[in-house]
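Structural overview
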Amino acid sequence: MSSKQEKQKNRQTRKAGGYRHKTRGLSIRSKVLVPTAVMVAVICCCMALLFKSRMETDMISTGAEMAVYVGNLAEDKLNGNLIEKLEPGWENSAAYMAVANAMTNALNGSSVKYMYTLYAENGKVYYGVDLDTDDQQPIGTEFEEPYSLLKPVFEDGEVVKSDKIETISKDCSVISAYVPIYDNKMKIVGAIGCDYEA
């Protein structure tokens, strides 16, 4: 069809009252709603991520504070002079049992899963009394964490708290805190480790 014939056909169509309308792919309502819905979905996803992050931070903070609280309760009940005298091989001694009983009294009714005492010697950290009944560490077993992490506890008497959740097995995650232990002359003789179950 030539362009002259096409123009003539268009004139006839207009005279007959039949205009050709362009069909639109989307209505105006759809053009407004689709971007709005996408924007709302993106905002909701961002808010969910922020909420999750905030909730995890609050949970870690609360768990660490609970571990510190139980550690302080145990430290109040412990005899630092007795802890300082414990030596490897004394796991069945009356002194060991006395310390373990005092720690158990502080542990009961709390959400702390593991409690143990630690001592430092020659730049390394070792277990003292360990209340773990499944995998109890004997006195003198080297602790997994380096001395540098616990240096503020042993040297300055500061409390050290985890800032993250540590996975210790496929079924158990904990938030740890370490509280100094003092003898009757207020000398730091060790630390109490408390692992709050997360």
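Reading the values: the criteria
Residues numbered from 1 in each chain as written. Predicted model: local features only at pLDDT ≥ 70, side-chain atom pairs only at ≥ 80, totals over all residues. Heavy atoms only, no water. Core = buried A, V, L, I, M, F, W, Y, C linked by side-chain atoms within 4.5 Å. Buried < 20%, exposed > 50% of the residue type's maximum accessible area, 1.4 Å probe, protein only. Helix = DSSP H or I, 4+ residues; strand = E, 2+ residues; numbered from the N terminus. Contact = heavy atoms within 4.5 Å. Pairing = 2+ DSSP bridges. Expected span 1.5 Å × (residues − 1). Arc of directions from axis to C-beta.

1. Focus on the nonpolar core
Residues Leu-78, Met-115 and Val-129 are the most contacted members of the largest nonpolar core, which totals 29 residues. Elements that contribute at least two residues to this core include exactly helix 2 (28-77), helix 4 (94-107), strand 1 (112-121), strand 5 (172-182) and strand 6 (188-197). For this core, the leading source of residues is helix 4, giving 8 residues. Counting residues in each nonpolar core, the second largest holds 15 residues, with Tyr-114, Tyr-116, Phe-143 and Cys-172 among its members.

2. Thoughts on the environment of Ala-64
Summarising the element assignment, Ala-64 is placed in helix 2. Given a relative accessible area of 4%, Ala-64 falls into the buried group. For Ala-64 and Lys-164, which are 100 residues apart along the polypeptide, the C-alpha to C-alpha distance reads 9.4 Å. With sequence-adjacent residues up to four places away left out, Ala-64 is seen in contact with Lys-161, Ser-162, Ile-175 and Ala-177.

3. Some points on the pairing of strand 2 (residues 124-130)
Burial analysis of strand 2 places 6 of its 7 residues in the buried class, which makes it a mostly covered element. Where strand 1 lies against strand 2, 5 bridges are found, and the strand directions are antiparallel. The partner of Leu-118 across the bridge, within strand 2, is Tyr-127. Where strand 1 hands over to strand 2, the hairpin turn is made up of 2 residues, of which Asn-122 adopts a positive phi near 55 degrees.

4. Concerning helix 4
Taking 1.5 Å per residue, 14 residues should reach 20 Å; helix 4 reaches 20 Å between its end C-alpha atoms and fits that length. What helix 4 keeps buried is the set Ala-95, Tyr-96, Val-99, Ala-100, Ala-102, Met-103, Ala-106 and Leu-107. One side of helix 4 carries all its buried residues, which in axial view fall inside an arc of 160 degrees. Opposite the buried face of helix 4, by more than 90 degrees, sit the exposed residues Ala-94 and Asn-105. Against helix 2, helix 3 (80-85), strand 1 and strand 2 lie the buried residues of helix 4. At the C-terminal side of helix 4, Gly-109 shows a positive phi close to 85 degrees.

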